Amino acid sequence: MTATWCVNLLRKRRFWRETCRRSPLVRGLANKSDDGWLRSMFAHNVDARKDAHSNLLSKKETSGLYKIQFHNVKPECLEAYNKLSTEVHKELHNDADYPCEVVGSWNTWYGEQDQAVHLWRYYGGYPALTECLNKLRLNKSYLEFRKERSKMLISRRNQLLLEFSFWNDPVPRPGPNLYELRTYRLKPGTMIEWGNHWARAIKYRQENHEAVGGFFTQIGELYIVHHLWAYKDLQSREETRNSAWLKEGWDANVHYTACCPNAERRLYVPAVFNKRAFT
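Note that the structure is a prediction, hence the values are computed from the model and not measured.

Thresholds, definitions, all that
- Residues numbered from 1 in each chain as written.
- Predicted model: local features only at pLDDT ≥ 70, side-chain atom pairs only at ≥ 80, totals over all residues.
- Heavy atoms only, no water.
- Helix = DSSP H or I, 4+ residues; strand = E, 2+ residues; numbered from the N terminus.
- Buried < 20%, exposed > 50% of the residue type's maximum accessible area, 1.4 Å probe, protein only.
- Contact = heavy atoms within 4.5 Å.
- Areas by Shrake-Rupley, 256 points an atom, 1.4 Å probe, with all protein chains shown as cover.
- Phe/Tyr/Trp six-rings, centres within 6.5 Å; stacked < 30°, edge-to-face > 60°.
- Lys NZ or Arg CZ within 6 Å of the ring centre and 35° of its normal.
- Arc of directions from axis to C-beta.
- Core = buried A, V, L, I, M, F, W, Y, C linked by side-chain atoms within 4.5 Å.
- Axes fitted to C-alpha atoms, helices over the stretch in contact; angles between N-to-C directions.
- Parallel < 35°, antiparallel > 145°, perpendicular 65-115°, else oblique.
- Left-handed = near helix turned anticlockwise from the far one by under 90°.
- Nonpolar A, V, L, I, M, F, W, Y, C, P; charged D, E, K, R; others polar.

Structural notes on the overall build of the protein
Counting its regular elements, the protein contains 10 helices and 8 strands. Evaluated residue by residue, the protein yields a buried proportion of 44% over its 279 residues. When contacts within the protein are restricted to residue pairs at least 6 apart in sequence, long-range pairs at least 24 apart make up 81% of them. As presented, the protein carries roughly 16100 Å² of accessible surface, and 54% of it is formed by carbon and sulfur atoms.

In structure tokens:
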């Protein structure tokens, strides 16, 4: 934006205000629209949608409903926590009476330390989630597990997620692998625009099969997006990310989505009981 352009813009705005001040016929219109007119010179307008973004962007909730848990563990208890979680999660994972599965579990390598992250999938959407919760309230061994686990935790939080329709389904892959969880906090009202850009951009990140899954929050802190990636190691991660910049179109996606006000990057390694799934 040149200095001359800015000066001309300010002159036009002064002229508009002076005209409105002198003319009572347009004064009311000026008071309502002047600021909006100036904002429109800089703002990117997004068309109104007639459906919830959860319906427009996600797979069916019967196949794409997930829960992510973040557990901050006392440093001295992390090994015992992993061992205890391994036993209980395996039982739930293999029990056909529970319409859910542990998709993956990880411990932080770089990022918030001594943290465990669990990703659950519910087959059947919200009714399946409700069924699991009701059964767990009557599961004595699980209630004992929660009681013992509470002694090891500093804090915990969870979110219900829906899966972006254009991302891969998270499936087991041979390891060992390093997993990266990138978390974005979007401005309210920009989820559709974000999804539109990434629906085109995901094709640039598929050659090395690094794209594991993409999700957005439905219950919990809203306007949160999680992208999960897998790499063989840090060097592979660096090479894979650099190769994306050589593809025409990737730079445009970064340009349009890099304005996210808050973003967080964490690296994870699979927890012990993940050996049967995400390694």
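Notes on the packing of aromatic side chains
The full count for this structure, using the stated rule, is 11 aromatic pairs. Seen in terms of ring centroids, Phe-164 and Phe-216 are 4.9 Å apart; in terms of plane orientation they differ by 45°. Their pairing is tilted. Here Phe-164, found in the loop between strand E4 (153-163) and strand E5 (178-185), pairs with Phe-216, found in strand E6 (residues 211-219); they are 52 residues apart in sequence, far enough to count as distant. Across the pair, Phe-216 and Phe-164 agree in class, each one buried. The rings of Trp-167, Tyr-184, Trp-194, Trp-198 and Trp-229 are connected pair by pair, giving a single aromatic cluster. For the cation-ring pair, Lys-67 lies above Trp-120, with the distance from its terminal atom to the ring centre recorded as 5.9 Å.

A short note on helix H7 (residues 140-150)
Among all positions in H7, only Tyr-142, Phe-145 and Arg-149 are buried. Buried residues along H7 cover an arc of 55° about the axis, so they all sit on one side. Exposed and facing more than 90 degrees away from the buried side of H7 are Lys-140, Glu-144 and Lys-147. Each element contacted by the buried residues of H7 is listed here: strand E1 (65-73), helix H5 (78-94), helix H6 (125-136) and E4.

Observations regarding unusual backbone geometry
Positive phi is not limited to glycine here, since Asp-114 has a value of about 55°. Counting through the fold element by element, Asp-114 comes out in the loop between strand E2 (100-110) and strand E3 (115-122). Of the residues examined, Asp-114 reaches a relative accessible area of 26% and is grouped as partly exposed. One non-glycine residue, Tyr-223, lies in positive phi territory at about 60°. By secondary structure assignment, the location of Tyr-223 is in the loop between E6 and strand E7 (224-231).

A word on the environment of Val-171
Structurally, Val-171 is set in the loop between E4 and E5. Of the residues examined, Val-171 reaches a relative accessible area of 42% and is grouped as partly exposed. When the C-alpha atoms of Val-171 and Val-212 are compared, they prove to be 7.4 Å apart, with 41 residues separating the residues in sequence.

Quick notes on the nonpolar core
In this structure, Val-73, Tyr-122, Phe-164, Trp-198 and Val-225 are the most contacted members of the largest nonpolar core, which totals 42 residues. A total of 5 residues in this core trace back to one element, the largest contributor, which is H5. Ignoring anything within four residues of it in the chain, the contact list for Val-73 reads Leu-78, Tyr-81, Asp-114, Ala-116, Met-152, Leu-153 and Ile-154. One finds Phe-70, Leu-161, Leu-181 and Phe-215 within the second-largest nonpolar core, a separate group that totals 15 residues.

Some points on the packing of H5 against H7
Taken N-terminus to C-terminus, the directions of H5 and H7 make an angle of 160°; their axes are 11 Å apart at the nearest point. When the axes of H5 and H7 are compared, the pair comes out roughly antiparallel. When you trace H5 past H7, the crossing you get is left-handed. Each of Tyr-81, Leu-84, Ser-85, Val-88, His-89 and Leu-92 in H5 lies in contact with H7, whose residues at this interface are Tyr-142, Phe-145, Glu-148 and Arg-149. Here the contact of H5 with H7 is composed, by residue class, of 6 nonpolar, 2 polar and 2 charged.

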